[in-house]
Amino acid sequence: MRIVSSGVRILRNGDFRRLWVSGAISGIGSWLLVVAIPVHVFQLTGSAAATGLTVALEAVPALVVGPWAGVLLDRWNLSRAMWLADLAGAAAVALILFADSADRVWVVYVAVLAENLAATVFRPAARALTPAVVGTGDELAAANSLSAFSGSVIRLAAPPLGALLLTGPGITFVLIIDIVSYLLSAAIIATISHRRLDSKPDTGKGFKALKEGLRGVADNKILSGILIANGVFLTANAGATALLVPFTVERLDAPGQTVGYLISGLGAGFLLGAALSPKALTWLSVRDLLIVTQLAVGAAFFALFNAPDIPWAIAATALIGFPGSILLITAETTVQRVAPTELLGRIGALFFAMDSLTVVIGALAAPALVRLAGLPLTLNAIAAFAVLAAPVTLFAVPSHPAALTRTKLPTP
């Protein structure tokens, strides 16, 4: 009931309501393509390598362009940047309509790069705009929790729906839905009145501005500690994700599509964690809450990778999602509260770049380690690596009282 009452209260804020609805609409369209695009590429080419390249290209913009996008976002009208990014995303997806044969699969690659370039602008802009809309007090945690809750529902339902629509109406229908979702999102965001929190003027340009963002993280022990610890945790998570299908087939003796049930268990855990995260933020200090949830996720990874059958594995993924959701919401809320307002775009982009880097490292390292040590040992090594995030947090993130997470700052 808490997520309902908190959600109703925060949705009374008109600008946040628009921000939340637009994110949900564009999220539905984007998650429909999570399954549909790789399947479409495989149908066109029959190549697993071509399909894998499509997925890998999604991480490139955040790594290469993300930090520079953050520099621009600290100077732009954030809501304008977001609706322009939505329009660019719609145009990128429209390109895929022209990829109707194997010799045109390159069009999909260009579209994937362009769409994720737009997302590289949209995501840090949304992170920077949220505290401008709701303030940095209690309502910020409620806003992040509600966004995570609705995002978990979308992640749970949209990918299988995309696969269903792909086998029914076909790829063109799925693409049109995504294009329309981007356009609707852009129209809604364009009505948001807030731009950003008031901040000190920032005169840095080019490399100097980028260095200011890097320095903003390096000089702040909370931000740098969370960045490093989350890097460890998300690398383990990426490795686990890369091996989820081999684990299901070889260790659980189940068909590969059974992974869908494991993802459903993860989604259920995420929903519960999102509902309880505002309350959890009042129980412990930021560091202690991060440590507890990191240890809990690591233990749940061990439970998953040593599960004797599918029901146990589904229960373990739910146990991963519950503390994992609280962990990610806590980290995001803390970054929004601690980062200097004039650097929030750059710092948010740096965090997203780290996320993408962990995906690349984890996805490449995990299969390589399987060849050297075998699947069972690799899976348990990944679980141990996830646990390593907790001592990193202990030493890298300074301890602060729980009151830090409850401090109510003025709403602009």
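A brief structural summary. These figures come from a predicted structure and were not determined experimentally. (Residues numbered from 1 in each chain as written. Predicted model: local features only at pLDDT ≥ 70, side-chain atom pairs only at ≥ 80, totals over all residues. Heavy atoms only, no water.)

## So, the packing of helix α14 (residues 286–305) against helix α15 (residues 310–338)
Turning to step 1, where the next piece is worked out: Interaxial distance between α14 and α15 falls to 8 Å at its minimum, and their mutual angle equals 155 degrees. When the axes of α14 and α15 are compared, the pair comes out roughly antiparallel. For the pair α14 and α15, the sense of crossing is left-handed. Where α14 abuts α15, its residues Val286, Leu289, Leu290, Thr293, Gln294, Ala296, Val297, Ala300, Phe301, Ala303 and Leu304 lie against Ala313, Ala316, Thr317, Leu319, Ile320, Pro323, Gly324, Ile326, Leu327, Thr330, Ala331 and Thr334.
Turning to step 2, where the next piece is worked out: The class makeup of the residues in the contact of α14 with α15 is 17 nonpolar, six polar and no charged. (Axes fitted to C-alpha atoms, helices over the stretch in contact; angles between N-to-C directions. Helix = DSSP H or I, 4+ residues; strand = E, 2+ residues; numbered from the N terminus. Parallel < 35°, antiparallel > 145°, perpendicular 65-115°, else oblique. Left-handed = near helix turned anticlockwise from the far one by under 90°. Contact = heavy atoms within 4.5 Å. Nonpolar A, V, L, I, M, F, W, Y, C, P; charged D, E, K, R; others polar.)

## A look at the side chain of glutamate 115
Turning to step 1, where the next piece is worked out: Mapped onto the elements, glutamate 115 comes out in helix α7 (residues 105–134).
Turning to step 2, where the next piece is worked out: Despite its burial, glutamate 115 remains without a salt bridge, the nearest opposite charge being carried by arginine 123 at 12 Å.
Turning to step 3, where the next piece is worked out: In contact with glutamate 115, other than residues within four places in its own chain, are Ser30, Leu33, Ala92, Val93, Asp178 and Tyr182. (Buried < 20%, exposed > 50% of the residue type's maximum accessible area, 1.4 Å probe, protein only. Lys, Arg positive; Asp, Glu negative; His and termini not counted. Salt bridge = Lys/Arg side-chain N within 4 Å of Asp/Glu carboxyl O.)

## A few points about the nonpolar core
Turning to step 1, where the next piece is worked out: Ranked by internal contacts, the top residues of the largest apolar core, which has 69 residues, are Met82, Leu129, Phe247, Phe301, Leu304, Phe305 and Ile347.
Turning to step 2, where the next piece is worked out: At 10 residues, α7 tops the list of elements feeding residues into this core.
Turning to step 3, where the next piece is worked out: Not counting the four nearest positions on each side in its chain, methionine 82 is found in contact with Leu19, Phe122, Ala125, Ala126, Leu129 and Ile189.
Turning to step 4, where the next piece is worked out: Core analysis: the second largest hydrophobic core is formed by 26 residues, Ile96, Ala111, Val112 and Ile179 among them. (Core = buried A, V, L, I, M, F, W, Y, C linked by side-chain atoms within 4.5 Å.)

## Digging into the pattern of salt bridges
Turning to step 1, where the next piece is worked out: One pass over the full model with this rule turns up one salt bridge.
Turning to step 2, where the next piece is worked out: Residues arginine 18 and aspartate 15 are paired through a salt bridge, measuring 3.1 Å at the closest nitrogen-oxygen approach. Of the two residues, arginine 18 and aspartate 15 are both situated in helix α2 (residues 14–45); the distance of three residues between them amounts to about one turn of the helix.
Turning to step 3, where the next piece is worked out: Given a relative accessible area of 31%, arginine 18 falls into the partly exposed group.

## Notes on the packing of helix α11 (residues 221–242) against helix α17 (residues 375–396)
Turning to step 1, where the next piece is worked out: It is the contact of α11 with α17, at a shortest axis distance of 8 Å, that shows an interaxial angle of 175 degrees. In this view, α11 runs roughly antiparallel relative to α17, as classed from their interaxial angle. Contacts between α11 and α17 involve Lys221, Gly225, Ile228, Ala229, Val232, Phe233, Thr235, Ala236, Gly239 and Ala240 on the former and, on the latter, Ile382, Phe385, Ala386, Leu388, Ala389, Val392, Thr393 and Ala396.
Turning to step 2, where the next piece is worked out: When its residues are assigned to classes, the contact of α11 with α17 shows 13 nonpolar, four polar and one charged.

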